[in-house]
Amino acid sequence: MKKIGFIGVGIMGKSMVRNLMKAGYELHIFARNQEKVEDVFREGAIFHSTIGDCVSDVDVVISIVGFPQDVEEIYFDTGNILDSAQEGTYLIDMTTTSPLLAQKIYEQGSEKGMFVLDAPVTGGDVGAREGTMSIMVGGEKEYFEACVPIFEAMGKNISYQGVAGSGQHCKLANQIMIAGALSGLCEGFTYAKAKGLDLEKVMGAVATGSAASRQLDMLGPRIIKGDFAPGFYLRHFVKDMRLALIESNMSNLSLEMLSQVLAIGEELEMRGLGDKGTQALMKYYENEIIEEDED
């Protein structure tokens with residue numbers, strides 16, 4: 001399997017494309033705006049102006065787009081993936097989306113003789129760039145095993161979770177944990193600032209103790225610097241938490257922390273901060289609005 005069709009060449013997708021090319025794969029990419037992918041085009045990726053053309057003659061299709069409705073469009077709309085990919089093609093959706101949607105793609109893809117996996121990722125822009133993402137995979141185990149070399153080109157912690165949709169369930173559990181860690185980081189910083197402490201010193205003191213976390217390591221310095229540029233969009237995190245809450249309700253779970261952080265995220269999104277990074281959660285506690293012209 002050497003030819004890969006890739007849909008979703010965004011903040012994370014662009015780095016994933018580069019890592020796949022470094023591993024020797026032939027990359028065919030689709031993007032609505034060719035100018036945004038000119039760099040990877042010059043580096044060797046093959047550009048296609050339609051999804052159908054991108055996926056019609058490849059061994060594997062990988063998608064990582066924004067929202068469940070985007071996944072619905074690229075897989076089910078006329079002329080797109082399920083219409084155009086050949087029998088025997090591996091379809092790997094790496095978007096964080098609904099487990100029910102992952103199962104739907106699996107069922108309809110299987111009917112057409114395609115091999116479907118849901119494989120959401122975590123690790124943000126840094127993990128995508130460095131090829132160290134965690135990849136959580138659902139679907140048939142033999143399909144997973146066949147695709148391990150592809151996953152290894154993009155990530156380090158690659159795990160098979162179970163039947164179709166299981167990768168999505170694992171990712172939603174991950175997002176619930178991040179919600180707690182990120183809100184805890186913001187509240188801890190808020191408390192320290194209110195007591196007149198130097199946040200650099202606070203971070204240095206707690207980063208190797210029991211409060212240590214990936215969120216602190218990655219986002220703590222950005223918060224201190226006032227850097228709210230996205231490594232992972234806040235609006236995408238809100239989407240993930242919303243999916244997690246829906247699934248939790250379906251299992252009669254009461255996850256109060258998740259509900260609270262989701263409400264904060266939705267408020268910030270309404271204030272126009274959805275295209276900032278998840279660290280913009282700190283703005284809720286500062287009660288400030290980032291100016292639209294800030295980078």
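For clarity, every value in this text was computed on a predicted model and none was experimentally measured.

Scanning the chain from N- to C-terminus turns up 14 helices and 9 strands. Against the compact-globule benchmark of 19 Å for 295 residues, the chain has a radius of gyration of 20 Å, which places it among compact chains. Referenced to the eigenvectors of the C-alpha coordinate spread, the extents of the chain come out at roughly 65 × 45 × 35 Å. Split into buried and exposed, the 295 residues of the chain put 52% on the buried side. Within the chain, counting contacts between residues at least 6 apart in sequence, those at least 24 apart form 64% of the total. Here the chain displays about 13,500 Å² of accessible surface, and carbon together with sulfur accounts for 48% of that area. Separation of charge centres in the chain, based on 26 positive and 43 negative side chains, amounts to 6 Å.

Moving on: the nonpolar core. Ranked by internal contacts, the top residues of the largest apolar core, which has 36 residues, are F6, L20, I62, M94, F151 and M154. Mapped by element, the contributors of at least two residues to this core are β1 (3-7), α1 (11-22), β2 (26-30), β4 (60-63), β5 (90-93), β8 (133-139) and α8 (141-152). Non-local contacts of M94, meaning those with residues more than four positions away in its chain, are made with M16, I62, S63, I64, A119, P120, V121, I135, F151 and M154. Ranked by size, the runner-up nonpolar core spans 34 residues in total, among them V202, M241, L243 and L281.

Here we take up a nonpolar patch on the surface. A cluster of nonpolar residues, L100, I246 and M250, forms a patch on the protein surface that exposes about 290 Å² of accessible area. Summarising the element assignment, I246 is placed in helix α12 (residues 234-250). For I246, a relative accessible area of 44% corresponds to the partly exposed category.

Right, let's talk about the environment of R222 for a bit. By the element assignment, R222 lies in helix α11 (residues 214-225). Looking at R222, the relative accessible area reads 17%, which means it is buried. On a C-alpha basis, the gap between R222 and E142 in space is 41 Å, while along the polypeptide they are 80 residues apart.

Our focus in this paragraph is the packing of helix α9 (residues 166-194) against α11. At a minimum axis distance of 11 Å, the contact between α9 and α11 shows a crossing angle of 40°. On the basis of their axis angle, the class for α9 and α11 is oblique. Relative to α11, the crossing made by α9 is right-handed. Taking contact as the criterion, the partners of I178, A181, L182, L185, C186 and F189 in α9 are, on α11, Q215, L216, L219, G220, I223 and I224.

Note that β8 and strand β9 (residues 155-162) share 6 bridges and pair parallel. Along β9, the bridge assignment pairs I135 with I158. In this fold, β8 hands off to α8, which returns the chain to β9; that crossover is right-handed.

Going through the model one piece at a time under the given rule, you end up with 6 aromatic pairs. Taken together, a centroid distance of 4.9 Å and an interplanar angle of 40° make the contact between F115 and Y143 tilted. With a gap of 28 residues between them, F115 in strand β6 (residues 115-118) and Y143 in helix α8 connect regions that are remote in the sequence. Taking the relative accessible area as the measure of exposure, Y143 reaches 14% and is therefore buried. Note on Y284 and Y285: the rings are 5.2 Å apart at their centroids and 90° apart in plane angle, and the pair reads as edge-to-face. What makes Y285 partly exposed here is its relative accessible area of 22%. It is K2 that lies over the ring of Y25; its NZ or CZ is 4.8 Å from the centre.

Time to look at α12. With 17 residues, α12 extends 24 Å from end C-alpha to end C-alpha; this agrees with the ideal 24 Å at 1.5 Å per step. Here α12 lies mainly inside the structure; 12 of its 17 residues are buried. Of all the positions in α12, only L234, H236, F237, V238, K239, D240, M241, L243, A244, L245, E247 and S248 are classed as buried. The secondary structure elements touched by the buried residues of α12 are α4 (68-76), α6 (99-111), α9 and α13 (256-270). Residue N252 follows α12 closely and has a positive phi angle near 60°.

Here the focus is the pairing of β6. Across 4 bridges, β5 lies against β6 in parallel orientation. Bridging from a neighbouring strand, L91 pairs with V116 of β6. As for the winding sense of the linkage, the β-α-β connection from β5 through α6 to β6 is right-handed.

Before going further, it helps to examine the side chain of Q215. By the secondary structure assignment, Q215 is in helix α11. Leave out the neighbours within four places in its chain, and Q215 touches I178, A181, L182, L185 and G220.

Definitions and limits used
Residues numbered from 1 in each chain as written. Predicted model: local features only at pLDDT ≥ 70, side-chain atom pairs only at ≥ 80, totals over all residues. Heavy atoms only, no water. Helix = DSSP H or I, 4+ residues; strand = E, 2+ residues; numbered from the N terminus. Rg over C-alpha atoms; globule rule 2.2 N^0.38 Å. Buried < 20%, exposed > 50% of the residue type's maximum accessible area, 1.4 Å probe, protein only. Contact = heavy atoms within 4.5 Å. Areas by Shrake-Rupley, 256 points an atom, 1.4 Å probe, with all protein chains shown as cover. Lys, Arg positive; Asp, Glu negative; His and termini not counted. Charge placed at Lys NZ, Arg CZ, Asp CG, Glu CD. Core = buried A, V, L, I, M, F, W, Y, C linked by side-chain atoms within 4.5 Å. Patch = residues over 30% accessible without salt bridge, like charges linked within 9 Å, V, L, I, M, F, W, Y side chains within 5 Å. Salt bridge = Lys/Arg side-chain N within 4 Å of Asp/Glu carboxyl O. Axes fitted to C-alpha atoms, helices over the stretch in contact; angles between N-to-C directions. Parallel < 35°, antiparallel > 145°, perpendicular 65-115°, else oblique. Left-handed = near helix turned anticlockwise from the far one by under 90°. Pairing = 2+ DSSP bridges. Right-handed = clockwise from strand over helix to strand, strands pointing away. Phe/Tyr/Trp six-rings, centres within 6.5 Å; stacked < 30°, edge-to-face > 60°. Lys NZ or Arg CZ within 6 Å of the ring centre and 35° of its normal. Expected span 1.5 Å × (residues − 1).

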